[in-house]
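# Structural description and commentary
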Amino acid sequence: MKKGLFIVFEGPEGAGKTTVIKELESLFTDSNIEYIFTREPGGISISEQIRDIILNKDNVEMDGRTEALLYAASRRQHLVEKVIPALEKGKIVLCDRFIFSSLAYQGYARGLGMDNVMEINNFAIEGHMPDLTILFDIDPREGLKRIHINSEREVNRLDLEGIEFHEKVVEAYHILAKRYENSTVIVDASKSLAEVIEKVAKEIITFIERKGYI
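Residues numbered from 1 in each chain as written. Predicted model: local features only at pLDDT ≥ 70, side-chain atom pairs only at ≥ 80, totals over all residues. Heavy atoms only, no water.

The name given to the protein chain in an unreviewed UniProt entry is Thymidylate kinase, with the source organism recorded as Clostridium fungisolvens. Under the UniProt heading Catalytic activity (unreviewed entry), the note attached to the protein chain is "dTMP + ATP = dTDP + ADP". (UniProt positions renumbered as here; feature names shortened; annotations may be inferred.)

What follows concerns the packing of helix H3 (residues 64-88) against helix H4 (residues 99-109). Two elements in contact, H3 and H4, have axes whose closest approach is 11 Å; the angle formed by their N-to-C orientations is 180°. With respect to H4, the element H3 is oriented roughly antiparallel. The segment H3 lies against H4, with Gly-64, Glu-67, Ala-68, Tyr-71 and Arg-75 engaging Ile-99, Ser-102 and Gln-106. Tallied by class, the residues present in the contact of H3 with H4 amount to three nonpolar, three polar and two charged. (Axes fitted to C-alpha atoms, helices over the stretch in contact; angles between N-to-C directions. Helix = DSSP H or I, 4+ residues; strand = E, 2+ residues; numbered from the N terminus. Parallel < 35°, antiparallel > 145°, perpendicular 65-115°, else oblique. Contact = heavy atoms within 4.5 Å. Nonpolar A, V, L, I, M, F, W, Y, C, P; charged D, E, K, R; others polar.)

Inspection of the entire model under this criterion finds seven aromatic pairs. Centroid distance Tyr-35 to Phe-37: 5.1 Å. Interplanar angle 80°. Geometry classified as edge-to-face. Ring centres of Phe-100 and Tyr-180 lie 5.3 Å apart, and the angle between their planes is 45°; on these two criteria the pair is classed as tilted. Placement of Phe-100 in helix H4 and of Tyr-180 in the loop between helix H7 (163-179) and strand E5 (184-188) is noted, with a sequence separation of 80 residues between them. Note on Phe-100: relative accessible area 3%, which makes it buried. Each residue in the set Phe-28, Tyr-35 and Phe-37 is aromatic and connected to the rest through ring pairs, giving one cluster. Sitting above the plane of the Phe-98 ring, Arg-75 keeps its charged end 5.3 Å from the centroid. (Phe/Tyr/Trp six-rings, centres within 6.5 Å; stacked < 30°, edge-to-face > 60°. Buried < 20%, exposed > 50% of the residue type's maximum accessible area, 1.4 Å probe, protein only. Lys NZ or Arg CZ within 6 Å of the ring centre and 35° of its normal.)

Spelled out as structure tokens, the structure:
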């Protein structure tokens, strides 16, 4: 059996990843492609519990290294319990956030060092990197503006960081896009929802066709 594909969606707060992922579900259903949608941190019971701790707005005392370790722990459990089994069954895994988020938020914006955070995550993921990363690129001010006007969106502890923090996150994503340019596609998330969905769908379909999955 052919191994599945691991496709990850990354981007700063308010970039619209989750909305686009939900809209893509019909694309995969209509194409009879075996897939699962999941997210980080979360996706399974243990990781969702860790998510609640990380993103709880009351946990203002949380140390940056604690935060990075919790993300890595959540990622490990999510991988072994949900992602890897799906890939071994030949499914396409579509995941909202993965290791780029830790490198950008904790490694770069928190100042822990991307190499240090990568080392923590190397232990957790054992070489399981995405086959394709779709990076939603948007000005952090625009992203935060979207959050504030969207009453249905969860507002978490990271959303409440200052603009300098979010600017560093975007800067880090640009660095990572260059570092992993062979497996990363940048999408202009400032465009209309319809345009972003069309772009992302085209990139994914082209990729999985090239890999022989449709």
